[in-house]
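Structural characterization, general
As a plain string of letters, each chain reads:
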Amino acid sequence: RVSHYVRLIAAALDLEENERNNLKVAAMLHDIGKIGMSDFILGKPGPLDEIEMHTIRSHPKNGVEILKPLKQFESILPAILHHHENYDGSGYPDGLSGEQIPFHARIISVADSYDVILSDRPYRPAKTSDKAIEELLRCAGKQFDPEIVQAFVSMHVRYVDRFAHSES
């Protein structure tokens, strides 16, 4: 699903085919660092304690370590490492902000967050697409790159409208 949303954003930004392909692969592998993490932590219905939070926050670095030996993934490692950085610098693992955050990581962040909002979680039920868009817009400039949010929203509206009209 994240890969699909990334493709929508890439289309809205008119990215070249090679860049779209790299983004698609990065989106599919962005959470590979969660492999081997305890189901107890990943599925915990309540708040994570400090140790559990540290474990979860290690997944971007773990993902890079898993993929680093595979040279064909070298170009996507920055996107995987930094997909939890926030536009205002409050994210992890390095507290990067704005343009310091790799472009592909900023795209994956928006797509992944949209998917998370639409998905049931042990700690909360899924929200609607409209609520997810509201959340992305509310967090633009804080958590997310506002230009990428706007690109996603514009493409999402066109995609949803086209789908709705084809169903009539």
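Residues numbered from 1 in each chain as written. Predicted model: local features only at pLDDT ≥ 70, side-chain atom pairs only at ≥ 80, totals over all residues. Heavy atoms only, no water.

**Some words on the overall build of the protein chain**
Summing up its helical and strand segments, the protein chain has nine helices and zero strands in all. Over its C-alpha trace the protein chain gives a radius of gyration of 16 Å, about what one expects of a compact globule, namely 15 Å for 168 residues. Dimensions of the protein chain along its principal axes, counting C-alpha atoms only, are 50 × 40 × 30 Å. Residues counted as buried form 40% of the 168 residues belonging to the protein chain. (Helix = DSSP H or I, 4+ residues; strand = E, 2+ residues; numbered from the N terminus. Rg over C-alpha atoms; globule rule 2.2 N^0.38 Å. Buried < 20%, exposed > 50% of the residue type's maximum accessible area, 1.4 Å probe, protein only.)

**Here's the deal with the pattern of salt bridges**
Applying the stated criterion to the full structure yields eight salt bridges. One salt bridge connects Asp-31 with Lys-34, and the closest N-O pair in it is separated by 3.6 Å. Judged by relative accessible area, Asp-31 falls into the partly exposed class, the value being 23%. Salt-bridge contacts for Glu-99 lead to Arg-106; the nearest nitrogen and oxygen are separated by 3.7 Å. Classification of Glu-99 by relative accessible area gives exposed; the value is 61%. You can call Arg-106 buried: its relative accessible area is 8%. Residues joined by salt bridges that share partners form a network here, namely Glu-99, Arg-106 and Asp-145. (Salt bridge = Lys/Arg side-chain N within 4 Å of Asp/Glu carboxyl O.)

**Notes on the layout of surface pockets**
In this structure, the largest pocket spans a volume of roughly 960 Å³. Residue lining of the largest pocket: 35 residues in total, with Lys-34, Ile-56, His-84, Val-116 and Tyr-123 positioned closest to the centre. Listing elements by their share of the lining of the largest pocket, those giving two or more residues are helix H3 (39-42), helix H4 (50-57) and helix H7 (103-118). Per element, the largest residue contribution to the lining of the largest pocket is six residues, and it comes from H7. (1 Å grid on protein atoms, 1.4 Å probe; cavity = no way out; pocket = protein on both sides within 12 Å on 5 of 7 lines; lining within 4 Å. Points joined across faces, edges and corners; volume = space filled by probe spheres on them.)

**Remarks on the confidence of the model for the protein chain**
Overall, the predicted model of the protein chain reaches an average pLDDT of 92, with 93% of residues at or above 70. Taken as a whole, residues 161-168 scores under 50 in pLDDT and shows zero contacts with residues more than four places along the chain or in a different chain. (pLDDT = per-residue confidence, 0-100. Contact = heavy atoms within 4.5 Å.)

**Regarding the packing of H7 against helix H8 (residues 129-139)**
Following both chains from N to C, one finds H7 and H8 inclined at 140°, their axes separated by 9 Å at the closest point. Considering their axes alone, H7 and H8 lie oblique with respect to each other. Relative to H8, H7 is oriented so that their crossing is right-handed. Between H7 and H8, the contacting residues are Val-110, Ser-113, Tyr-114, Ile-117 and Leu-118 on the first element and Ser-129, Ala-132, Ile-133, Glu-135 and Leu-136 on the second. Looking at the contact of H7 with H8 residue by residue, the class counts come to seven nonpolar, two polar and one charged. (Axes fitted to C-alpha atoms, helices over the stretch in contact; angles between N-to-C directions. Parallel < 35°, antiparallel > 145°, perpendicular 65-115°, else oblique. Left-handed = near helix turned anticlockwise from the far one by under 90°. Nonpolar A, V, L, I, M, F, W, Y, C, P; charged D, E, K, R; others polar.)

**Thoughts on the nonpolar core**
Across soluble globular proteins, nonpolar side chains show a tendency to be buried alongside one another. The biggest cluster of nonpolar side chains holds 36 residues, and the ones touching the most others in it are Val-6, Val-110, Leu-136 and Phe-152. Broken down by secondary-structure element, the contributors of at least two residues to this core are helix H1 (2-12), helix H2 (17-29), helix H5 (59-67), helix H6 (77-81), H7, H8 and helix H9 (146-167). Ignoring anything within four residues of it in the chain, the contact list for Phe-152 reads Tyr-5, Leu-8, Ile-9, Val-110, Tyr-114, Ile-133 and Leu-136. (Core = buried A, V, L, I, M, F, W, Y, C linked by side-chain atoms within 4.5 Å.)

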